Amino acid sequence: MYYRQLGMIPHKRHTMFKKEDGSLFREQVMGTRGFSGTQSILYHHHMPTEVVKAEFAGSYLPEYEEQQTLKHRHFFTNKVMREGNALTAREYLLGNHDLLIGTANVTEAMNSYYRNGDGDELLFIHHGSGKLETMFGTISYRPGDYLVIPIGTIYRVVPTPGIPTKLLFVEAFSQITTPKRYRNEYGQLLEHSPFCERDIRGPEDLLTYEEKGEFEVVTRSRGAIHSHILGHHPFDVVGWDGYLYPWAFNIEDFEPITGRIHQPPPVHQNFEGNNFVVCSFVPRLYDYHPESIPAPYYHSNVNSDELLYYVKGNFMSRKGIQEGSITLHPSGIPHGPHPGKIEASIGKKETLELAVMIDTFHPLKVVKQANELEAADYMFSWI
């Protein structure tokens with residue numbers, strides 16, 4: 001990320017910043033990795049530590065199925081019936097100790113505020129529009145947006161009334177960043193990167209609420225949910241600056257890297273966290289070697305599990321896939337195009353597919369409830 005400023009801030013850090021009545025705004029340094037990572041400084045009307053009540057609500061971690069036969073899996077997320085706000089509607093599907101993955105059908109605004117104290121969150125907007133309201137300001141979202149929300153950020157999702165939002169979420173237990181190989185030593189995105197700073201949207205408006213009262217912030221930390229009742233509105237920030245803040249990137253702004261022959265999956269990478277990467281498969285021209293085979297070759301994920309979330313279009317290497325399908329191809333066995341898909345791809349000039357891929361470098365476990373969404377015969381669909 002790069003430096004941003006929004007609202008009012010004093011000329012120097014850690015100096016007096018007075019209100020009109022002579023009292024002080026409250027300075028908060030919010031950073032990662034102690035004081036050696038990215039950070040921002042926020043200025044509040046009230047002390048961010050002003051908590052009038054705190055309660056423990058229990059674990060939020062999902063329960064996984066017992067280990068079974070190693071196989072490829074296919075889940076239809078459109079069968080998920082749960083609805084609600086962006087927190088209560090979350091349906092966990094897969095995960096491990098590095099991240100949790102699932103979908104949510106968001107039909108209403110959150111009636112409290114929320115922060116994840118275990119790691120960053122990534123929300124991919126499949127359908128719908130609305131606003132991500134945060135302590136750093138508001139970001140409008142639309143289909144195709146990735147919303148990156150740093151650890152500790154207080155926020156709520158407000159869908160456009162009458163228009164449900166379907167999203168794919170990643171709850172990381174680490175920071176989510178852009179790929180290191182696309183950044184120079186100063187953090188600037190390089191010329192060969194498939195996206196640049198112009199494509200990144202930070203908070204648009206900083207709405208500041210000075211009011212006192214009781215406001216609930218639901219906090220996730222240490223694998224559990226905690227309720228904190230603040231004595232003031234959590235969005236009482238009058239200004240902030242720094243490198244840590246929520247931001248949006250739309251998948252349509254990802255510029256695909258193509259070549260004369262088939263390019264490997266890393267060219268599609270968009271984000272990375274600890275032991276996982278997120279890639280964007282977007283409409284693109286196919287390979288232009290006269291004898292190229294556009295469909296991917298059969299391959300073994302020797303060190304990673306591969307998850308694909310299908311957004312729209314006709315995915316050129318798969319049969320029986322729907323919008324909202326999730327396929328899981330685990331490490332240890334090879335996978336690749338379905339029968340006939342290699343031959344059918346020869347001579348084609350482009351693909352209009354849109355999908356999100358998550359590769360994890362520790363095995364993904366399947367949540368028990370996900371069995372109800374599964375196509376049981378997917379493992380044998382190559383026959």
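Quick note: structure is the one above.
Keep in mind that this is a model prediction, so the values were computed, not measured. (Residues numbered from 1 in each chain as written. Predicted model: local features only at pLDDT ≥ 70, side-chain atom pairs only at ≥ 80, totals over all residues. Heavy atoms only, no water.)

Visitor: Which residues make up the sheet that holds strand S18 (residues 237–242), and what values do they have?
Guide: The strand order across the open sheet formed by four strands is S1-S18-S3-S2, and the pairing between neighbours is antiparallel. Looking along the sheet, the strands with just one partner apiece sit at the ends: strand S1 (4–7) and strand S2 (26–31). Mean inter-strand twist for the sheet, computed between neighbouring axes without regard to direction, equals 15°. By the bridge criterion, five bridges tie strand S3 (residues 39–44) to S18 in an arrangement that is antiparallel. Counted as the bridge partner of Ser40 is Gly242 from S18. (Pairing = 2+ DSSP bridges. Helix = DSSP H or I, 4+ residues; strand = E, 2+ residues; numbered from the N terminus. Axes fitted to C-alpha atoms, helices over the stretch in contact; angles between N-to-C directions.)

Visitor: A description of the nonpolar core should follow, citing residues and the corresponding values.
Guide: Among the nonpolar cores identified, the biggest contains 54 residues, and Tyr146 and Val356 are the most heavily contacted of them. The next biggest cluster of nonpolar side chains, apart from the first, holds 24 residues, and it includes Tyr60, Tyr92, Leu123 and Leu132. (Core = buried A, V, L, I, M, F, W, Y, C linked by side-chain atoms within 4.5 Å. Buried < 20%, exposed > 50% of the residue type's maximum accessible area, 1.4 Å probe, protein only.)

Visitor: How would you explain the pattern of salt bridges if you had to name every residue and give the values?
Guide: Applying the stated criterion across every chain yields a total of 13 salt bridges. Between Glu171 and Arg90 there is a salt bridge, with its nearest N and O atoms 2.7 Å apart. A residue pair is termed long-range when its members are at least 10 positions apart, and Glu171 in strand S15 (residues 165–172) and Arg90 in strand S7 (residues 90–95) qualify at 81 residues. Overall, the relative accessible area of 3% leaves Arg90 in the buried class. Residue Arg142 pairs with Glu252 through a salt bridge whose shortest N-O separation is 3.7 Å. You can see Arg142 sitting in the loop between strand S12 (137–141) and strand S13 (145–149) and its partner Glu252 sitting in the loop between strand S19 (247–250) and strand S20 (269–273), a full 110 residues away along the chain. A relative accessible area of 36% places Arg142 in the partly exposed class. Connected through shared salt-bridge partners, Arg90, Glu121, Glu171 and Arg220 make up one network. (Salt bridge = Lys/Arg side-chain N within 4 Å of Asp/Glu carboxyl O.)

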